[in-house]
Amino acid sequence: MTPTLWQHARIATLAPGRPWGWIDDGALLVQGDTLRWVGPLAELPAGRPPDAVHDLGGALVTPGLIDAHTHLVYGGDRAAEFELRLQGASYEEIARAGGGILATVAATRAASDDELFASAAARARALVSEGVTTIEIKSGYGLSEAHEARCLAVARRLGRELPLTVRTTSLAAHALPPEYAGRADDYITDACSWLAGQQAQGLVDAVDAFCDTIGFTPAQTERIFLAARHLGLPVKLHAEQLSDQGGAALAARFGAFSCDHLEHLSSEGVAAMRKAGTVAMLLPGAYYFLRETKLPPVAALRAAGVPMAIASDHNPGSSPGLSLLLMLNMACTLFRLTPEEAWRGVTVDAARALGLADRGMLAAGLRADFVVWDAAHPRDLAYRYGHNPCLRIIRGGVETIRP
Ligand code: DI6
Ligand code: FE
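Everything in this summary refers to the structure shown in the same document. In this text the structure is predicted, and so the values were computed from the model without any measurement.

A few words now on unusual backbone geometry. Positive phi outside glycine occurs at R291, with the angle close to 50°. Turning to its location among the elements, R291 is positioned in the loop between α10 (284-289) and α11 (298-304). Take R291: its relative accessible area is 72%, and that puts it in the exposed class. Positive phi, normally seen in glycine, also occurs at D313, with a value near 50°. The buried category is assigned to D313, whose relative accessible area is 1%.

Structural data, given as structure tokens:
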């Protein structure tokens, strides 16, 4: 197979060694779905002439974006709950009154597979249109064996039918379904037993839980993690979002890929994550939409060298947005990340949070997932918001049609 050359690009490879992994007048040589060579055009190795040459005229090229935490598959919406919150009800109050996540569970159970697919596909296309090439999708709105499997199957179908790599996460321990009211431990017993079937059907890449006062206790979370470990499945955790439960330290003990949210993370939690190499998944959209006031400990995470990923956390209750570019801006304005940290958060560190070693940067041997932007520098994309300068998307070496 002869390679394809993409040349005259300003490239932010995000590879280590220099800020942004920057290359001024760069080129990418692509063979099949893989990058064969990335560097300054003047240093392009001599060899077989490429069978196609694309001149990018000095446009910016970055790795494909990775949205490593979403709840994309669900029925209905929660606009009415938004209005209730504007009138003063809190997210926790609504959840304790049987609304919140459980309202979405009812709407999800009532939707057909095709309805779930159609609504999730429309949302996925919005993310793709901004250069997202890899996405993680959690279950967690089915909360029964059959409905959880159905939502994971819809996520897998999105990966087959859209120009996206989809990684799936089982989040049965998201909320207690009404039929188990007062029997959370029984629910966890059953949720643990569903994992083997999900794995046998190829539906699950990782396991997550919501460890919080309106979610599950650390002891219940640990039971889910033990079941995942027994099957060799990696774990991650919604940890320290609304309160400090010591969830991050627990997840770190299980070698979690990531701990997510982390507004209430303690210094012990930071130290445990550093030791385990766990990624801090920061979710500025949920922080913004729930009008949180407690910031995640970004300075402590940075000082400890804990990698920080950024994701949309798209879900109907706490983060209904569909723009990873907006999350770049919010990570900077709300959490005080530098634009380069925010970019690493949706590329290199997002890949790490999914355990994917083949993407997140532009370098020889990695996947040819990259985006061409009408911008001079990636910091411009963190600076502007409500603006999508995506020109072209190349995924696995193939140009995809921008939705
Ligand atoms: N924390 C969140 O922010 C989402 N899930 C979770 O555990 C919210 C999900 C929802 O409100 O539907
Ligand atoms: Fe989430």
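Another aspect to go through is empty space enclosed by the protein. Unfilled space is identified by rolling a water-sized probe across the atoms. This model, assessed by the stated rule, comprises 3 cavities of 30 Å³ or more. By volume, the largest cavity is sized at about 100 Å³. If you trace the largest cavity, you find 14 residues lining it, with Y91, I101, H174, N315 and S318 closest to the centre. Residues that form the lining of the largest cavity fall into these classes: 4 nonpolar, 8 polar and 2 charged.

Looking now at the environment of E399. Here E399 is to be found in strand β16 (residues 398-400). Sequence separation between E399 and T189 is 210 residues, and the spatial gap between their C-alpha atoms is 46 Å. With residues up to four places along the chain from it excluded, the contact list for E399 reads W6, R392, I393 and I394.

So, on to the packing of helix α6 (residues 184-200) against helix α7 (residues 218-231). Where α6 meets α7, the closest approach of the two axes is 10 Å, and the angle between their N-to-C directions is 20°. The pairing of α6 with α7 is recorded here as roughly parallel in orientation. As α6 runs across α7, the sense of the crossing is right-handed. Contact residues: α6 offers A184, D185, I188, T189, A191, C192, L195, A196 and Q199, while α7 offers Q220, R223, I224, A227, A228 and L231. For the contact of α6 with α7, a count of residues per class yields 10 nonpolar, 3 polar and 2 charged.

Cut-offs applied
Residues numbered from 1 in each chain as written. Chains lettered and ligands numbered in written order. Predicted model: local features only at pLDDT ≥ 70, side-chain atom pairs only at ≥ 80, totals over all residues. Heavy atoms only, no water. Helix = DSSP H or I, 4+ residues; strand = E, 2+ residues; numbered from the N terminus. Buried < 20%, exposed > 50% of the residue type's maximum accessible area, 1.4 Å probe, protein only. 1 Å grid on protein atoms, 1.4 Å probe; cavity = no way out; pocket = protein on both sides within 12 Å on 5 of 7 lines; lining within 4 Å. Points joined across faces, edges and corners; volume = space filled by probe spheres on them. Nonpolar A, V, L, I, M, F, W, Y, C, P; charged D, E, K, R; others polar. Contact = heavy atoms within 4.5 Å. Axes fitted to C-alpha atoms, helices over the stretch in contact; angles between N-to-C directions. Parallel < 35°, antiparallel > 145°, perpendicular 65-115°, else oblique. Left-handed = near helix turned anticlockwise from the far one by under 90°.

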